[in-house]
Amino acid sequence: MKFTHLFGYHGQTSIRTEIVAGITTFLTMSYILAVNPDILSQAGMSKESVFTATALASAVATFCMAIMAKLPVALAPAMGVNAFFAFTLVQGMGLSWQTALAAVLIEGVIFILITAFNIREAIVNSIPMSLRYAISAGIGMFISFIGLKNAGIIVSNEATFVMLGKFTPAAVLAVIGIILSGILMKKNVKGALFYSIMACTAIGIPMGVTLLPDNFSPVSMPHSMAPTFMQFDFSQIFSVDMLIIVFVLIFMDLFDTIGTLIGVTSKAGLMDKDGKIPHIKEALLADAIGTTFGAVCGTSTVGSYVESASGISEGGRTGLTSLTVAVLFIIALFFAPLFLLIPSAATTGALFIVGVLMIGNIPNIDLSDISEALPAFVTMLMMVLTYSIADGIVLGMLSYVIIKLFTGEYKKISATMYILSVLFILKLILG
């Protein structure tokens, strides 16, 4: 009875199956414990503190998903948004990470409100499907580019802007990681990205890329979150930049979560006959709570993970699967030295494969219609070339509105898109 009440048991699974599914999901997505601290540390944040924040925010958000939505979906700081945080907001726009963290907190609170008042559908419906798919694919390309850049496979060049770098030990290790990740994914190895990162970390020791400290121990007490806990700077809260940043964060979080929920619940056979996701309001609320809590701890936006599909493939159908993942994230807190040992080059394979998976939405774009294809292409291309997810979204949306407006298809443009276009143009004019 308790199993039924707490986790949504419906007679198609067992406690053992759910726990095994949770372990599978955790192994598949646990690479975030290595990748997220590495990415956010490039924004100037404490790597140790971010690791603790990542594990705690993931555990809390996933626990909320288990108890409130009773779905076999795990959450953690979202790939793509962490890159937006570090490389666009901090490195690109010159914001402090404290200001960027304040934007994440505001986004989380707003997301809670729009979920509570059922405004999310209006926001989702206002953005054309082609741009939604393009944004996902563009973020995938951007993440892959970041991985190649961090490993030194791609370097800067005054004449051509970018070029192929030298085959340094770090670059070679990164290439090994990409190939190994691809092989393990092809063989359907559960936790392929996690195993690839661990293997590359070990291979990196004799190569001099992984630096093993004296008296190394993989186990320790959790690191303090003091360097990032409640470290907010609200000085720019009323600026145009902050308005756009918060919108982009909400936009990315909302569509990433809904897309993931549609995919994994469909795979699990949990959708009803009308294609509706069960407990979607509670699922989005779990996401919003996780984001708000994560910002307080010191990490970027939390979102639902498509890697949850791996646990569903193992038979996970209830909240017990996600509860298992939450418990494993808590346990991971005591293995911080092992995860923090991992060099950037060892995570390149994971970043690259995530990018490969995210471009899977491109076939869903109507490439035969230039008014759909061109804005989608602008979105994807400009994310990489401007080194900014936000600029890619802005330029993609503007090109969509302008082309539709001057080709007589203005009725396809929502009022929200018109308003955003005016704001985007003002932003570009004002610099």
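For the structure, check the block above.
From a predicted model like this one, the values you see are computed outputs, not experimental measurements. (Residues numbered from 1 in each chain as written. Predicted model: local features only at pLDDT ≥ 70, side-chain atom pairs only at ≥ 80, totals over all residues. Heavy atoms only, no water.)

Now for the overall build of the protein chain. For the protein chain, the count of helices and strands is 19 helices and four strands. Its C-alpha radius of gyration of 21 Å places the protein chain within 12% of the 22 Å reference for a compact globule of 431 residues. A burial count over the protein chain gives 54% of its 431 residues as buried. Taking the contacts inside the protein chain whose residues are at least 6 apart along the sequence as the reference set, 80% of them involve residues at least 24 apart. Accessible area of the protein chain: about 17,800 Å², with a carbon and sulfur share of 69%. (Helix = DSSP H or I, 4+ residues; strand = E, 2+ residues; numbered from the N terminus. Rg over C-alpha atoms; globule rule 2.2 N^0.38 Å. Buried < 20%, exposed > 50% of the residue type's maximum accessible area, 1.4 Å probe, protein only. Contact = heavy atoms within 4.5 Å. Areas by Shrake-Rupley, 256 points an atom, 1.4 Å probe, with all protein chains shown as cover.)

With 15 residues, helix α16 (residues 344–358) should reach 21 Å at 1.5 Å per residue; the first-to-last C-alpha distance of 21 Å fits that figure. Among the 15 residues of α16, eleven are classified as buried, and the element is accordingly described as predominantly covered. The secondary structure elements touched by the buried residues of α16 are α3 (32–41), α8 (129–150), α9 (169–186) and α10 (192–207). (Expected span 1.5 Å × (residues − 1).)

The next thing to look at is the pattern of salt bridges. Under the defined criterion, the tally for this structure stands at four salt bridges. We note a salt bridge from glutamate 372 to lysine 404, for which the minimum N-O separation is 2.9 Å. Note that glutamate 372 is positioned in helix α17 (residues 370–385) and lysine 404 in helix α18 (residues 389–406), a separation of 32 residues in sequence. Comparing glutamate 372 with lysine 404 shows no difference in burial state: the two are buried. Across the pair lysine 404 and glutamate 409 runs a salt bridge, and its minimum N-O distance is 2.7 Å. Judged by relative accessible area, which is 0%, lysine 404 ranks as buried. The network of salt bridges with shared partners includes Glu372, Lys404, Glu409 and Lys412. (Salt bridge = Lys/Arg side-chain N within 4 Å of Asp/Glu carboxyl O.)

Our focus in this paragraph is the environment of isoleucine 365. In this fold, isoleucine 365 is placed in the loop between α16 and α17. Under the relative-accessibility criterion, isoleucine 365 is labelled buried at 4%. Along the chain, isoleucine 365 and threonine 28 lie 337 residues apart, while their C-alpha atoms are 28 Å from each other. Not counting residues within four places of it along the chain, the set of residues in contact with isoleucine 365 comprises Ser130, Tyr133, Ala134, Glu372, Ala376 and Met380.

Scanning the model with the defined rule gives zero disulfides in all. Left unpaired, cysteine 64 is separated from the closest cysteine sulfur, that of cysteine 297, by 12 Å. Judged by relative accessible area, cysteine 64 falls into the buried class, the value being 11%. (Disulfide = S-S within 2.5 Å.)

Note that threonine 228 resides in the loop between α10 and α11 (240–268). Only 2.5 Å separates the side chain of threonine 228 from the side chain of serine 49, close enough to count as a polar contact. Once residues within four sequence positions are removed from consideration, threonine 228 is found in contact with Met45, Ser46, Ser49, Val50, Trp97, Leu101, Val296, Cys297 and Gly298. (Polar contact = N/O pair within 3.5 Å; in protein donor to acceptor, adjacent residues only side chain to side chain.)

The subject of this paragraph is the packing of α3 against helix α4 (residues 47–69). Where α3 contacts α4, the two axes come as close as 9 Å, and the packing angle between them is 135°. In terms of orientation, α3 lies oblique with respect to α4. For the crossing formed where α3 meets α4, the hand is right-handed. The residues of α4 that touch α3, namely those facing Ile32, Leu33, Asn36, Pro37, Asp38, Leu40 and Ser41, are Lys47, Val50, Phe51, Thr54 and Ala55. (Axes fitted to C-alpha atoms, helices over the stretch in contact; angles between N-to-C directions. Parallel < 35°, antiparallel > 145°, perpendicular 65-115°, else oblique. Left-handed = near helix turned anticlockwise from the far one by under 90°.)

Residues Phe85 and Met397 are the most contacted members of the largest nonpolar core, which totals 123 residues. Top contributing element to this core by residue count: α11, with 14 residues. Setting aside residues no more than four positions away along its own chain, phenylalanine 85 makes contact with Leu40, Ala43, Met45, Val90, Trp97, Ala100, Leu101, Val104 and Ser300. One finds Ala134, Ala137, Ala376 and Met380 within the second-largest nonpolar core, a separate group that totals five residues. (Core = buried A, V, L, I, M, F, W, Y, C linked by side-chain atoms within 4.5 Å.)

Here we come to the packing of aromatic side chains. This structure, assessed with the given rule, holds five aromatic pairs. Seen from their ring centres, phenylalanine 194 and tyrosine 195 are 5.7 Å apart, and the 65° between their planes marks the pair as edge-to-face. Ring centres of phenylalanine 232 and phenylalanine 234 lie 5.7 Å apart, and the angle between their planes is 40°; this geometry places the pair in the tilted category. Under the relative-accessibility criterion, phenylalanine 234 is labelled partly exposed at 37%. Three or more aromatic residues joined by ring pairs make a cluster, and in this case those are Phe51, Phe194, Tyr195 and Phe339. (Phe/Tyr/Trp six-rings, centres within 6.5 Å; stacked < 30°, edge-to-face > 60°.)

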